[in-house]
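# Summary of structural features
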Amino acid sequence: MTNHYCDLKNADVILIMGSNAAEHHPIAFKWILRAKEHGATIIHVDPRYTRTSARCDFHVPLRSGTDIAFLGGMIAYIIENDKYFKDYVLNYTNASFIVNSGFRFEDGLFSGYDAKKRKYDKSTWVFDQDGRGVPQRDRTLSHPRSVFQLLKRHYSRYTLDKVSSITGVSKENLLKVYEIYASTGVADKAGTECYALGWTHHTVGSQNIRTMAIIQLLLGNMGIAGGGINALRGEPNVQGSTDHCILYGNLPGYLKMLPASLGTLEQYLKKYTPVSKDPQSANYYSNYPKFFVSFLKSLWDDKATRNNDFGYDWMPKIDDGKAYSTMHLFDAMYEGKVKGFFAIGADPAVSTPNSHKVRKAMGKLDWLVGENIFNNETYEFWRGPGVDPAKIKTECFLLPASASMEKEGSQSNSGRWVQWKYKAAEAPGDAIPVGEIEIKILSEIKKLYEKEGGPNAEAIVNLKWDYLDGKGHMNVVKVAQQINGRFTKDTVIEDTAKKTKTVFKKGQLVPTFGMLKDDGATACGNWIMSGSYTADGVNKMQSRGKEDPTGLGLFPNWSFAWPVNRRILYNRASCDLNGKPYNPKRRLLEWTDGKWVGDVPDGPWPPQADRAKGKYPFIMQKDGLGALFGPGMAEGPFPEHYEPLESPLTKNPLSGQLINPAIEIFKGEMDKVASASEKFPYVCTTYSCTEHWCSGALTRWQAWLLEMQPELYVEIGEKLAKEKGIKNGQRIKVTSIRGEAPCVAMVTKRFKPFRVEGKEVHQVGMPFNYGWLFPKDSTSDSTNILTPTVGDANTFCPEYKAFMVNVEKL
Amino acid sequence: MELTRRGFLNLSGAVGSGVALSSLGINLRPTRAYADELNKMNRIKAAKQVTTICCYCSVGCGLVCSVDKLTGKIFNIEGDADHPINEGSLCAKGAGFFDLTEANKHRLRKVLYRKPYGTEWEEKDWDFALSRIARLVKDTRDKNFTVRNAKGELVNRCEAIGHYGSSNVDNEECWIMSVKSRALGLVYIDHQARV
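Residues numbered from 1 in each chain as written. Chains lettered and ligands numbered in written order. Predicted model: local features only at pLDDT ≥ 70, side-chain atom pairs only at ≥ 80, totals over all residues. Heavy atoms only, no water.

## So, the pattern of salt bridges
Under the counting rule described, the total for this entry stands at 55 salt bridges over all chains. A salt bridge links Arg34(A) to Glu87(B), with the shortest nitrogen-to-oxygen separation between them at 2.9 Å. Here Glu87(B) lies in the loop between strand S3 (74-79) and helix H3 (92-95) and Arg34(A) lies in helix H2 (residues 26-37), a pairing that spans two chains. Owing to a relative accessible area of 22%, Arg34(A) belongs among the partly exposed residues under this scheme. The salt bridge involving Glu380(A) is made with Arg383(A); its shortest N-O contact spans 2.6 Å. Its relative accessible area of 5% is what places Glu380(A) among the buried residues. Three or more residues are tied together by salt bridges with common partners; here these are Glu452(A), Arg135(B), Lys138(B), Asp139(B), Arg141(B) and Asp142(B). (Salt bridge = Lys/Arg side-chain N within 4 Å of Asp/Glu carboxyl O. Helix = DSSP H or I, 4+ residues; strand = E, 2+ residues; numbered from the N terminus. Buried < 20%, exposed > 50% of the residue type's maximum accessible area, 1.4 Å probe, protein only.)

## Digging into the confidence of the model for chain B
Within chain B, residue pLDDT values average 88, and 84% of them lie at 70 or more. ipTM for the predicted complex: 0.98, alongside a pTM of 0.95. (pLDDT = per-residue confidence, 0-100.)

## A short note on the interface of chain A and chain B
Taken together, the contacts link 166 residues of chain A with 114 residues of chain B. Summing both partners gives a buried area of about 12,200 Å² for chain A against chain B, and 62% of it is carried by carbon and sulfur. If you sort the residues of chain A by the area they bury against chain B, Ile246(A), Met405(A) and Arg544(A) come out on top, with a joint share of 6%. Connecting chain A to chain B are 13 salt bridges. One salt bridge connects Arg132(B) with Glu395(A), and the closest N-O pair in it is separated by 2.7 Å. For the interface between chain A and chain B, the tally reads 81 residue pairs in polar contact (both at pLDDT 80 or more). By residue number, the principal contributor to the side of chain A that touches chain B is helix H17 (residues 434-452) of chain A, which donates 13 residues. Among the residues making up the side of chain A that touches chain B, the classes are represented as 94 nonpolar, 43 polar and 29 charged. (Contact = heavy atoms within 4.5 Å. Buried area = accessible area lost by both parts, 1.4 Å probe. Polar contact = N/O pair within 3.5 Å; in protein donor to acceptor, adjacent residues only side chain to side chain. Nonpolar A, V, L, I, M, F, W, Y, C, P; charged D, E, K, R; others polar.)

## Remarks on the environment of Lys446(A)
Residues and elements named next belong to chain A. Relative to the assigned elements, Lys 446 resides in helix H17. The class of Lys 446 is buried, set by a relative accessible area of 14%. Each C-alpha atom of the pair Lys 446 and Asp 519 lies 28 Å from the other, and the pair is 73 residues apart in sequence. The contact partners of Lys 446, leaving out residues within four places of it in the chain, are Ile 460, Val 461, Leu 463 and Trp 465.

## With respect to the pairing of strand S19 (residues 500-504) of chain A
All names here are of chain A. Note: strand S18 (residues 491-495) against S19, five bridges, orientation antiparallel. Residue pairing across strands places Asp 495 opposite Thr 500, the latter belonging to S19. Hairpin connection, S18 to S19: the antiparallel pair is bridged by four residues, and Lys 499 has positive phi, about 55°. (Pairing = 2+ DSSP bridges.)

## Some points on unusual backbone geometry
All names here are of chain A. For the peptide bond that leads from Trp 562 to Pro 563, omega is -5°, which places it in the cis range. Mapped onto the elements, Pro 563 comes out in the loop between strand S21 (560-561) and strand S22 (589-592). A cis amide bond, omega 0°, links Phe 774 with the succeeding residue Pro 775. Within the element layout of this structure, Pro 775 appears in the loop between strand S30 (763-767) and strand S31 (803-809). The phi torsion at Asn 354 lies on the positive side, around 60°, for a residue other than glycine. If you trace the backbone, Asn 354 turns up in the loop between helix H15 (348-351) and helix H16 (355-362). Unusually for a residue other than glycine, Phe 555 sits at a positive phi of about 45°. Looking at the secondary structure, you find Phe 555 in the loop between strand S20 (522-523) and S21. Classification of Phe 555 by relative accessible area gives buried; the value is 12%.

Okay, structure coming up:
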């Protein structure tokens, strides 16, 4: 989230799209309803009518997988009707930048496309620069190659007729949403968007979100109270696990994973440390070397020195351009290339798309290590449906773990609040925290390498790994402090602006990431968490102060919010060029008497009008401004509508490019696809329910919750049910080209057919919370038996939300 | 840690009036239920209260665990009325948090091991599991380690071991996993944030 949960109350308009907040984030929805009590308009755009729809001002159904078309139409509406916030767009976005003359967009493809590689050469997706190397700007926004004019031209194709025909949304409903949402494009109104997996689970997932980011920049809704784009994420510490980057492409703090082509630390730092020639751009990532070197020091401590590039060579490196995501992992496992597998606090045999492929892949493992509080389908794959254990060679371990309230540690919510938890009781039996299991496993491995050696043994032998306490338990505080960072030698920090010098002793904690060093003087496990402790060891994550000085619900003394306790990101954009709040009713930040008052500002510099010392507000962007033109994306700098991999259409109504041109196509024997097939004529989407959580791996074992939602079902609209002769409560099966899922039919008014390109298109929906292992009397299995192995072009988040099925009587 | 008593006092009031009403009826079962509830209230007042954060979605609601001081067992978990986000309220899953404690008979309590081609789990101890896993990891890693890729670039990685998980453990545990995986040279590193 750019903002946080309590801040939802500050909005004037809330668009809930890609989320069923009332059922999946009920307490978040409380804050949405609080905004409604204050007079806000709440809009729900979703294929299905849900309890969220019931409490909103109105619900607009749209066909799964057409969000960019819907939002692209909104961009066109905002520009054509002059509804954008001009001051903001001109000063705080790259609207005025001039794009390279070679840049093109024709028939669904941007310039530089390589059809064979399914990748773009982005060399024309750049800005013209002046003699100083600063992007050229046309402040009248009229230059035909200005970002603003290109944006206008791109979305002028998204007419009401076209959008209506693609999405299945009536023109009246489109206009209604566009008008209400665009009304926030003024100084004293705030509009926010809440999304969840409904936006990420698509082959265009990242671009769904970027389309909204463009809208929020056009309306001046980024960086303000009641604004932003807010991901209602689905796991308790998914923010923290992402921040610590248990991900193939990043290292803790979103540092880049090392590509094989960058053979030295110097090459690596040169590549990932952006340079801006614009004196008004803070370009905060110019500090990248400090964060990266401090991270290496946190791994290898005294063994990481200037002489050995701080251990750079010991780090694994990934091949350039190659992805190693979940789907790639199971693909490689299926091919027999992956021999060992750690599945920790997870049930990928249920939660990964194309479950049959995943389960078959696991049978090729030599060994599997599971760590969890309950058993699940992943750990028991060797005796799953249709599997003969006598033929499965895999050696399996299932290690008992402590539950959340049986251990101490911190957890980060979607609003970046890092909250400390305390241990309430001992775990049952032999269970210990997952962190302790992991520390102990690696300690054992370390002993073996110390004794026997092995390839790149230095990486393991030299690792700082002293995180058990005297009693042999995980020392959580020591790990938390290692993450925060500490000085590795006596260090003097000079603040030239304040004219102060502070001396820190070796071993003292680093009070903020602004003090990290690139010469080895600091070790920091994750720079964004630096400041979660004070230099003297006060744990800010434990803070429970309820003060609310701005009245906006920032609660600055409750827990610690990264970065540096900032509660709303990009908050300098809530003020005009002189640092005065655009919205006097919601004073998030104000430049008064030479300093910022309110939230922790995005940097201490004066506002932008101060041409000598002032900085632009989007300090993490190289150019300091919000990116209407976003060249970092795999499939283009402007989001474009493409159909899902499996769609009811044979032609994209907007271009000759049917599917996302930059997605990777998996071609294994089990990666079957059936688009626009008569055999699978219905769009299917998947979701959760209030009583279960994710794969159900925790909640299916709980009698109270299981009684409420006992087994797999499919929601089918009344018209389709009638056509198929299916009755409510009847046992049926849903099939895709990849398999079948027996379930109970729930005939409902919540799904209505869509009118798409003149045809009637039915959509059905299923929860993804079930598997075969438990409840024992269940005849159902995972919904993901049906879903295809395909993902977003940038993130490889699978397309669980739009694929094609049939529904049949048993 | 100091907690205000507001939530508990409110609840006590509700229980008290419930007892008064049910005592007018003939059926004594509700009365007994309320009396049990009242006993629980007294236990809660005498208990050690420990705050935690919900382990389901990412809203980060606060909970209070009541722990019996004699047995050290959790006997009640409810929403934290002082928490600024949930203000004491919880969803269905959070309200059922108690069913995650050891009171749930399905909790894993022992190290389980399934030998190759085995048909059942066997109970083992930690020493066995840790040393056997370490041996398997080392043998797999050493046998399949790639020092240089096809282009001859130094990569020092092991593609034969995958790591998956987890976004439902604490930050400190996440960092440990992230670092452990890199030290071993793994590259197939992923978790629920992707899905």
